[in-house]
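Structure at a glance
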Amino acid sequence: MFLGLDSSTQSLTAVLIDPVSGQIVYQHSVNFGADLPQYGAPSGFIPGGQNGEVHTDSRMWLDALDLLFSRLSAATDLSKVEMIAGSGQQHGSVYLDETLGKRLASLDSTQSLVSQLAPALTRATSPIWMDTSTGPECAEITEALGDSAEVCRRTGSIAIERFTGPQIRRFYKNDSAAYARTAHIHLVSSFIASVIAGKSVSIDYGDGAGMNLLNLSTLAWDPKLLDATAPGLLEKLPSAAAATEIQGSVSPYFVEKFGLSRECRCALFTGDNPASLVGMGATAPGNIVISLGTSDTFFAAMPEAKTDPNGFGHVFGNPAGGFMSLICFRNGSLAREALRDRLGLDWSAFDQPALAETREMAGSQLMLPFFGPEITPRHDFTGPVLKGSPEFESGVQPALQVRALLEGQFLNMRLHSQWMQVKPERIRLTGGASKNNGISQLVADIFQAPVERLDVSNSAALGAALIAAAAAGHELAELQQSFCMASPGAALQPDPSLGPIYQDAMSRFAGLLDNTVAATL
Ligand code: ADP
Ligand code: XUL
């Protein structure tokens, strides 16, 4: 059996798979808010941060590991696990002193992880991906490199507030003594992997690319970005490596305490998005994953590291080799909910009658679907912008408003993923809104590609379990065939007659966006 772990914002999840039967044997989550209330983080982070700061108590992740493994060992036979891999929320970082190696190598299974490892922390809390406090540091890093295009060319993303490099720079500027005491800077993923492996392990290319520090051409830390970020940084970072690289055996702590086998080995941990690409069965180019969650994300495998000339999209390593893109849209379900509530509808009314009865009007009325600031495109919108018939613009036709909002969201997604130059052969749709038939059909029509909906609830942890099996020699493509297939006949086919209509609508949408942004600059 193979174990995949995912340490996300709100929970730590385990998925245990048996590659021979093609079955998930067991899955379980520790919820940080509910299971570890002593950390005061009901949604996985410390509420009330100032100036865009969003941090988490790093010790919470250690207690979550002990709790998860104690529950796993009570529910399953962990001695059958051959290999462990995992993933973590991206960009978050953990800061530790020079005692880390010794502490990891001599963990006492009669004590807790937190009591033995917390004394090594040089920064009490970890900045996580929701943090937006590093605007000045992003500007300084960009300035040192010349311009944003240069940062993007090297690392696959412009300098981004939540990315680890700018976060490290802020720590160095605000507390240089603690920075100087720091001997190891880990990502959430590599920190947890290090605990499990009993030694400080590498950062994988998938998660490493979310730091504004990894050079995508050399797959090594970029000297110019290291210099622009903080002094002496190279010595504090683990090396970068492929996710499937085996790190050795699991720490004796987990053998003695939870009954893992001494032969059980560990692969590297990656970011939750790269792991989801694996868990959604989309590591080969041509497959697109669209996740319609709180925010919407669009990700896809890319054979080579092309970058977004506009700087909105990101490039990460693909755990199966090559690269992947990730584009995030802030106004996802939040915007759909805002319109739903404004019109007093429920989700089923989005499909029937709203979308059904406005079919003839496809692509005719345009909405810039932003109820607040957006990151793709990066602009402080203050509300949606409507362009069409006078009735539509006056907002009196609820059904047409729904259609225009959803069309606007997916036209915006199609427009801002064009830089990848990938023709989607198949879209795998996931996230809360993928349950909606009308929304799912609209995705097929706008992208002119079949849409499959996968019933995979823990795609990152499943992806991690598949990475573990692949590291042990199983064929990833075969694993994905067994674990990540849509039910037969479940694909929604695009209506080809809508192809030219949405092509034209996308050009008009782009024009409206350009004019609106220009008018408010
Ligand atoms: P998260 O990003 O928090 O993991 P989920 O992927 O679980 O989010 O999606 C949750 C969101 O899905 C809810 O906030 C809700 O807006 C949306 N949602 C749930 N059911 C439907 C539906 N039938 N139609 C449209 N949206 C839905
Ligand atoms: C990606 C990002 C988020 C986190 C969530 O850039 O910030 O998707 O990985 O866990």
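Being a predicted model, the structure only gives us computed values, none of them experimental.

1. Let's talk about the side chain of D97
Positionally, D97 belongs in the loop between strand 6 (93-96) and helix 3 (100-105). Side chain to side chain, D97 and T99 meet in a polar contact 2.5 Å long. When residues no more than four places from it in sequence are discounted, the contact partners of D97 are P119, A120, T122, R181, A183 and H184.

2. Remarks on the site of ligand 2
All residues adjacent to ligand 2 are Q89, Q90, H91, W129, R162, D272, N273 and L326. Taking D272, its side chain carries an N or O atom lying 2.4 Å from an oxygen atom of ligand 2. A distance of 3.1 Å separates an oxygen atom of ligand 2 from a polar side-chain atom of N273. When ligand 2 is considered free in solution it has 290 Å² of accessible area, and contact with the protein chains removes 91% of it. Of the residues belonging to the shell around ligand 2, the class tally is two nonpolar, four polar and two charged.

3. Concerning the state of the cysteines
Tallying each qualifying case throughout the model produces zero disulfides. With no disulfide partner, C264 has as its closest neighbouring cysteine sulfur the one in C266, 6.1 Å distant. Given a relative accessible area of 0%, C264 falls into the buried group.

4. Some thoughts on the site of ligand 1
Contacts to ligand 1 come from G293, T294, S333, E337, W347, G431, G432, A433, K435, N436 and I439. Contact between ligand 1 and T294: an oxygen atom at 2.7 Å from a side-chain N or O atom of the residue. Residue G432 places a main-chain N or O atom 2.9 Å away from an oxygen atom belonging to ligand 1. Across the complex, the protein chains shield 61% of the 590 Å² of accessible surface that ligand 1 would expose by itself.

5. Here we look at the domain arrangement of the protein chain
Domain assignment breaks the protein chain into domain 1 (2-275) and domain 2 (281-455 + 491-521). Taking only C-alpha atoms, the centre of domain 1 and the centre of domain 2 are 31 Å apart. Considering only the side of domain 1, the residues that lose the most area to domain 2 are L216, N273 and P274, jointly responsible for 31% of the buried surface there. Applying the counting rule to domain 1 against domain 2 returns one salt bridge. Between E161 and R378 there is a salt bridge, and its shortest N-O distance comes to 3.1 Å. Applying the counting criterion to the domain 1 and domain 2 interface returns five residue pairs in polar contact (both at pLDDT 80 or more). Elements that contribute at least two residues to the side of domain 1 that touches domain 2 include exactly helix 6 (148-155), helix 10 (205-208) and helix 14 (272-279).

About the cut-offs
- Residues numbered from 1 in each chain as written.
- Chains lettered and ligands numbered in written order.
- Predicted model: local features only at pLDDT ≥ 70, side-chain atom pairs only at ≥ 80, totals over all residues.
- Heavy atoms only, no water.
- Helix = DSSP H or I, 4+ residues; strand = E, 2+ residues; numbered from the N terminus.
- Polar contact = N/O pair within 3.5 Å; in protein donor to acceptor, adjacent residues only side chain to side chain.
- Contact = heavy atoms within 4.5 Å.
- Near = heavy atom within 4 Å.
- Areas by Shrake-Rupley, 256 points an atom, 1.4 Å probe, with all protein chains shown as cover.
- Nonpolar A, V, L, I, M, F, W, Y, C, P; charged D, E, K, R; others polar.
- Disulfide = S-S within 2.5 Å.
- Buried < 20%, exposed > 50% of the residue type's maximum accessible area, 1.4 Å probe, protein only.
- Domains from an automatic or database assignment.
- Buried area = accessible area lost by both parts, 1.4 Å probe.
- Salt bridge = Lys/Arg side-chain N within 4 Å of Asp/Glu carboxyl O.

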